[in-house]
Amino acid sequence: DLTGPSALAEGDHRFVVRVPDVAGNLAERVDWVGVDLTDPGAEFTAPEEGALTNTNRPMVVLEYGDPAGLGGFASGIEPEDVTLAEDGSDVSAETARDAGRAVYQPPADRVLAEGEHEYRGLVPDRAGRTVERTRRFTVDTIPPDVAIEMPAEGFIADDFVVDFVVWATDLH
């Protein structure tokens, strides 16, 4: 009779249970349990943190994995459990996920507005350990506003020295 918690080190543990009955019959069961005390790893690889991008449909890439801990055991990651949120809205259903990365691009009918945006990725492993990663960047698809004050349009110079006054403004 074995009950209650047992403190196991990180790693694979094999156990054997043998149970005799009164008549002398022996039942045996062999099984294993894995102990995963190491958080999964995750990192946004695109776009760069704090970047200015001139597209309103940037490719967002979250790479992840479940490194083995001290005992050489990793529980692994189910790609469908990885979630991605865009400015607080879940976009996981539109995100392509595989064994090591999640890739999302806003659809053409729902492009990102000008300004700052935030993506949050949640990566859980099979042991229930979860890491959260955040990526912020700014969309700037509007070119600078340029004005030529001098010389006047159509100006014809009578010297090889011409003075210019040019103004440019940009939102970002």
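Treat the numbers as computed from the prediction; the structure is a model and nothing was measured.

Asker: Is there a simple way to explain the sheet that holds strand β4 (residues 52-53) in this structure?
Answerer: Adjacent strands of a sheet form backbone hydrogen bonds with each other and so pair up, either parallel or antiparallel. Read across the open sheet, the five strands follow the order β4-β11-β10-β6-β7; overall the sheet is mixed. Two strands close off the open sheet at either side, each with one partner strand: β4 and β7 (89-90). Here two bridges tie strand β6 (residues 83-86) to β7, and the two strands are oriented antiparallel to one another. Residue pairing for β7: alanine 85 is matched across the bridge by aspartate 90.

Asker: Explain unusual backbone geometry to me, please; I cannot follow it from the model alone.
Answerer: Trans peptide bonds make up the majority, and among non-glycine residues the majority have a negative phi. Going from alanine 46 to proline 47, the amide bond is cis rather than trans, its omega being -15°. Of note, proline 47 is situated in the loop between β3 (41-46) and β4. Geometrically, the link from methionine 150 to proline 151 is a cis peptide bond, its omega value of 5° lying close to zero. We note that aspartate 87 has phi near 50°; this positive angle belongs to a residue other than glycine. Turning to its location among the elements, aspartate 87 is positioned in the loop between β6 and β7.

Asker: Looking at this model, I keep getting lost on the nonpolar core. Mind explaining?
Answerer: When a protein is soluble and globular, its nonpolar side chains tend to lie buried together. Counting 18 residues, the largest nonpolar core has Leu62, Tyr64, Val82, Tyr119, Val123 and Phe137 as its most contacted members. Breaking this core down by element, the ones donating at least two residues are β3, β5 (60-65), β9 (101-104), β10 (115-124) and β11 (130-139). Aside from chain neighbours lying at most four places away, what touches phenylalanine 137 is Pro47, Glu48, Gly50, Ala51, Thr53, Pro58, Val60, Leu112, Gly115, Glu116, His117 and Tyr119.

What counts as what
Residue numbering note: each chain is counted from 1, following its sequence as written. Only residues with pLDDT of at least 70 are given local features in this predicted model, and only at 80 or more are side-chain atom pairs given and counted; all residues enter the totals for whole chains, interfaces and linings. Calculation of side-chain values draws on the structure's entire complement of heavy atoms; hydrogens and water are dropped beforehand. Strand pairing is defined by DSSP finding a minimum of two bridges between the two strands. Comment: elements are numbered from the N terminus, with helices defined as DSSP H or I runs of at least four residues and strands as E runs of at least two. Residues enter a nonpolar core if they are buried and are Ala, Val, Leu, Ile, Met, Phe, Trp, Tyr or Cys, with the set joined through side-chain atoms within 4.5 Å. A 1.4 Å probe rolled over the protein chains alone gives each residue an accessible area, and that area as a share of the maximum for its type sets the label: buried under 20%, exposed over 50%, partly exposed in between. Residue contacts follow a heavy-atom distance rule, with two residues in contact if any of their heavy atoms lie within 4.5 Å.

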